[in-house]
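# An overview of the molecular structure
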Amino acid sequence: MKIHIRGGRLIDPANQLDEQRDLFVEDGKVVALGNTPQGFEADRVIEAAGLVVCPGLIDLQVSLSEPGFTQKGTIRSETRAAVAGGVTTLCCLPNTAPVLDTPAVAQLIQDRAEEAGNARVLPLGALTKQLQGEQLSNMVSLKEAGCVALTNAGKPIHSNQTLLRCMEYAATYDLLMMVRPQDYELSKGGCAHDGKMASKLGLPGIPEAAETLDVSRYLVLAEQTGARIHFSQLTTPRAFQMVDAAQQRGVKVSADTAIQYLLLSDDNLENFDSAYHLIPPLRTPADRDGLQAALSGSVLQAICSDHQPQEAAAKEAPFGATEPGMIGLQTLLPLALKLVEAGCLSLPKMVEKLTTQPAKILGLELGNLGIGAEADICIFDPEAQWVFDEANSVSQSHNSPFYNQTLTGKVRYTLVAGQLVHELQ
Amino acid sequence: MNQHADALKLQLNEEGRLRHFLTTEGLSRELLTEILNTADSFADMGAQAVKKVPLLRGKTVVNLFFENSTRTRSTFELAAKRLSADVLNLDISTSATSKGETLKDTLRNLEAMASDMFVVRHPDSGAPHFIAQHVTPNVAIINAGDGRHAHPTQAMLDMLTIRRHKGGFEPLKVAIVGDILHSRVARSQIYALNTLGADEVRVIGPKTLLPRYIEELGAEVYHDLGEGLKDVDVVIMLRLQLERMASAFLPSQGEFYKLYGLTRERLKVAKPDAIVMHPGPINRGVEIESEVADGTQSLILKQVNYGLATRMAVMSMAMSGQATQDSANQ
C-alpha cells in the first residue's frame, strides 16, 4: 500500500518540523517528505490541505477492560475508539481479570489487539503478583513477553521494604516502572479532593498530601536504587515541582498528567455528577491552573487520556458509590487543542507531549515521521467543530463528562504502520 | 455555576415552589421562612384534640431508610400519618443492595407501587439528589440525611426552635460545637442560618473534626470553646460518635469533654438568655453535662415536638409543589 498525503501542515517535533509538506508512505514506513520520490505510484492520495499531519498519538495510560471486564469495553471496541481519536499506540493497564502478571495474559492481549487491527497495544505488566503489593512479579519474563513497563495500576504497595525490592529488581534489568502515587491511608474511602467542594458536599476527601507524600517516597527510593520511575497522572503542581527538583539532581524520573486534570477541577463536582468521579480526584481550580502553567516547562512531559470505560450501572449511583474514571481516547486531541487555544503552549509543543515525549519515556522508536519511521500518522482538522455525544462516541461505554459539548479539532484519518485504520466518513 | 442552577432547579418546580427537599443550600429566605411559618401552624395544632389533617389523604409515603434510624424514621412516619397519608416503612440495609440490586432498580420497584413521596436516608452523600434525578417526575423526595452532606429537616426544626424562642435570626450569634466534619446537620444549619440572616455562625472543635475550608460555607472557626461561646445567643451541641476515638480523631472522651463539653460553668460566657440545643441522641458527660441538658436553657425536648411539625410542613409543601408541577405538565 502506497499512500501520498498531500498538502498538509506537517508537524513532527522529533525532527523540528512544522511546515507544509507532502508525506509518502510505503510498506508501513515513511519513505519520503516533500517531493514525490521517483517511481512512486500512490494507491491512495489523501488530500490534507488545511489539515495537520502529525505522528499518531501515544497514550501512556488506558484501561482496555479485557480480559475480565468486557461489560465495560473490549480490546476491539476501545482500540477502535483510540484510532478514532488519532491514538495509534496505547499502554494498557494490568488490572484485568486475570491480572496481567503472566506472559500468557500479555500474549493474549497482544494477540487480540492484533486481530482487532486498530492501534498498537503495549501491555503494562503487573509490578507485583496479582497486584497485591506483596511478591515481585516475573518482571523480566513480562518484559520478554512484550510489556513495556511495570505498574501496580494504582493498587497500593504498603510495605516500603517490598517497594524497595521492586525498585532494586527493576533497576537491575533497567525496567521502567510506572506509578500512580497515592498514599493508601490518606486516600482510603475518599472520592473527591479534600477541599471546599468536598466539605460542602460532604464527600470524604483525598488531600493533596496523599499524592505528594507518595511521590516523595518513590523519589527517595528511586534516588537510592537508580530505578527508572515514571509518575502517571500527577494532579498537583507541587508534585511536579518535586519531580522537577529530583530530575535536577539526576534522578531518573519523568511524569505525565491526564488531560482532564488540565481542564477540569473540583468545581465540576457540584450537583454530584458521577461523570466527574475520578481517581486521583479533580483538584482545585488553582491546581488546574498550576498544571497549565507547568505545560510551558519540561517536567510535565506527556499528556495521557487515562481512559477508563465504565458501563452505565457503574456510574448510576450516588457519587461516592460509583466507579471512578472517564473515557478519553477519542477526546484526547480536541481537549488538548483547548489548551493550545488558551495559549498554554504551541501546537507543535502539544503534539510533542502527545507523541514524541511519551515515546521517549517508553524508550520506543515511535512518535516521529522521519524517513524510515513507522507510518503511524494522525491527520486532523484543527478547525472542525463537532459535538461529542453518545451517537458518535466509539467506546463501548459512555462515561464522559464531555458529552454534548462542542469540541474543536477532529481526526480525519489515522494510519497505523501505513494502514488506514480510521477515516472520518 | 450552571450546574449549581441545576441543583437548585431540582428542588423547585417551575413556579419556584418546593417539590423535593434535598438541602437547605441555595433556597431563598422566603422559602425557608414559608417552611417555618407552615411548621409553626402545625406545631400549634399539636395541642389540639384533632391532630390529623387531610393534606396527604390518598397519598403513599415511603420511608426509604438505607441507614438505621428509629428516631428520625418514627417522626417522619408520624408526620405522614398526621397528614393522613398511607405510610410504608422500608429499611434497606446496605446488605440488601449489596446482593446486587442497584439503587436505580430498587427505585423502579418502588415506583411500581405508585408511591407519591420517598423519605430517604442514605449513607452516601448525594443519594437523595441521585434519586430525585432518577425517579419519575411526580414523586417527591425528602432528604432525611445523606452521608455527611445534608439533613435539611433537622436543620429546619432547629431553625423553628430558634425562631420560636428568640423571635427571629438577625441579631443572633450561633455556635455549633463538636464533630462538624461528620455532621450533615451542621452543614444544613450553616446554610439555613446564613440565609435566614443570623449575625454570626461559629463552629467550634479541634482541627480533626472540622471540614477543610468550612469558613467558606459561612462559618467562623474557633478551636477554643470559651472564646467561641462568648456572647452567643444559641449553642448547638452535636453528637459525638464514640467510634471517633478508635479512628484517631480524638484521644479520649475525657479529653473531649474537658475541652468541648458544655458545662454550666462554660455556658456562663454565653448571653444569659442563651438557648442550648442538641439534635440527639445526647451523650451525657461526653458533649454535654446533664445539668445543662436538663436545665432551663435547654430546648432539647422541645426540638422533638418541632421536628414533627417541621416534617409535616416540608412534606405537605413538597406534595403540593409536585401537584402544581403535574398539572402544569398536563
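Nothing here was measured: the structure is a model prediction, and the numbers come from that model.

We now examine the sheet that holds strand β9 (residues 275-277) of chain B. Residue and element names in this part refer to chain B. Strand order across the open sheet formed by five strands is β7-β6-β5-β8-β9, with parallel pairing between neighbours. Because the sheet does not close on itself, it has two edges, and the strands there are β7 (220-222) and β9. Mean inter-strand twist for the sheet, computed between neighbouring axes without regard to direction, equals 20°. The pairing of strand β5 (residues 173-177) with strand β8 (residues 234-237) spans four bridges and is parallel. Bridge pairing in β8 places V177 opposite M237.

All names here are of chain A. Tracing the backbone shows M139 in helix α3 (residues 139-144). In this structure the C-alpha to C-alpha distance between M139 and D101, which are 38 residues apart in sequence, comes to 8.4 Å. Each residue touching M139, except ones within four places of it in the same chain, is listed here: L127, L150, C166, Y169, A170 and L175.

Turning next to the domain arrangement of chain B. Residues and elements named next belong to chain B. Domain assignment breaks chain B into domain 1 (2-150 + 307-323) and domain 2 (152-304). Once you take the C-alpha centre of each, domain 1 and domain 2 turn out to be 25 Å apart. With 35 residues of domain 1 at the interface, the matching set in domain 2 holds 27 residues. Per-residue buried area on domain 1 facing domain 2 is highest for R29, L36 and R148; these three make up 27% of the total on that side. Along the contact surface separating domain 1 from domain 2 lie five salt bridges.

This brings us to the packing of aromatic side chains. Residues and elements named next belong to chain A. As enumerated under the stated definition, the model contains six aromatic pairs over all chains in all. With a centroid separation of 5.2 Å and 75° between ring planes, the pair formed by F24 and F40 is classed as edge-to-face. On the criterion of sequence distance, the pair formed by F24 in strand β4 (residues 23-26) and F40 in the loop between β5 (29-33) and β6 (44-47) is long-range, its members being 16 residues apart. On the numbers, 5.7 Å between centres and 75° between planes, the contact of W386 with F388 is edge-to-face. Note on accessibility: W386 and F388 belong to one class, buried. Members of the aromatic cluster, each reached through a chain of ring pairs, are W386, F388 and Y403. Here the guanidinium or amino end of R217 rests over the ring plane of Y218, the centre of that ring lying 5.4 Å away.

The next thing to look at is the state of the cysteines. Residue and element names in this part refer to chain A. All told, the structure shown has zero disulfides over all chains when counted by the stated rule. Looking at C54, it has no disulfide partner, and the nearest cysteine sulfur is the one in C378, 4.3 Å off. The class for C54 is buried, based on a relative accessible area of 1%.

Attention now goes to the sheet that holds strand β2 (residues 9-12) of chain A. Pairing between the strands of a sheet comes from backbone hydrogen bonds, and it takes one of two forms, parallel or antiparallel. Residue and element names in this part refer to chain A. Here we have six strands laid out as an open sheet, ordered β3-β2-β7-β18-β19-β20, and mixed in their pairing. The outermost strands of the open sheet, each flanked by one partner alone, are β3 (17-20) and β20 (419-423). On average, each strand axis in the sheet is inclined to that of its neighbour by 25°, with strand direction left out of account. Where strand β18 (residues 377-388) and strand β19 (residues 405-416) come together, nine bridges link them in antiparallel fashion. Residue pairing across strands places C378 opposite T414, the latter belonging to β19. The strands touched by helix α12 (residues 332-341) are β18 and β19; relative to β19, the strand with the most contacts, the crossing angle is about 125°. Across the sheet, helix α13 (residues 347-354) lies against β2, β3, β7 (52-55) and β18, angled at about 50° from β2, the strand it touches most.

Residue and element names in this part refer to chain A. Split by domain assignment, chain A resolves into domain 1 (2-52 + 374-423) and domain 2 (56-362). The straight-line distance from the C-alpha centre of domain 1 to that of domain 2 is 26 Å. Listed per partner, the contact involves 37 residues of domain 1 and 45 residues of domain 2. At the boundary of domain 1 with domain 2, total buried surface from both sides reaches about 3,100 Å², with 65% on carbon and sulfur atoms. When the buried area of domain 1 at its contact with domain 2 is split by residue, Q396, N399 and F402 rank highest and sum to 21% of it. Inspection of the region where domain 1 meets domain 2 yields two salt bridges. Ionic pairing is found between E374 and R120, a salt bridge with its closest N-O pair at 3.0 Å.

What counts and how
Residues numbered from 1 in each chain as written. Chains lettered and ligands numbered in written order. Predicted model: local features only at pLDDT ≥ 70, side-chain atom pairs only at ≥ 80, totals over all residues. Heavy atoms only, no water. Pairing = 2+ DSSP bridges. Helix = DSSP H or I, 4+ residues; strand = E, 2+ residues; numbered from the N terminus. Axes fitted to C-alpha atoms, helices over the stretch in contact; angles between N-to-C directions. Contact = heavy atoms within 4.5 Å. Domains from an automatic or database assignment. Buried area = accessible area lost by both parts, 1.4 Å probe. Salt bridge = Lys/Arg side-chain N within 4 Å of Asp/Glu carboxyl O. Phe/Tyr/Trp six-rings, centres within 6.5 Å; stacked < 30°, edge-to-face > 60°. Buried < 20%, exposed > 50% of the residue type's maximum accessible area, 1.4 Å probe, protein only. Lys NZ or Arg CZ within 6 Å of the ring centre and 35° of its normal. Disulfide = S-S within 2.5 Å.

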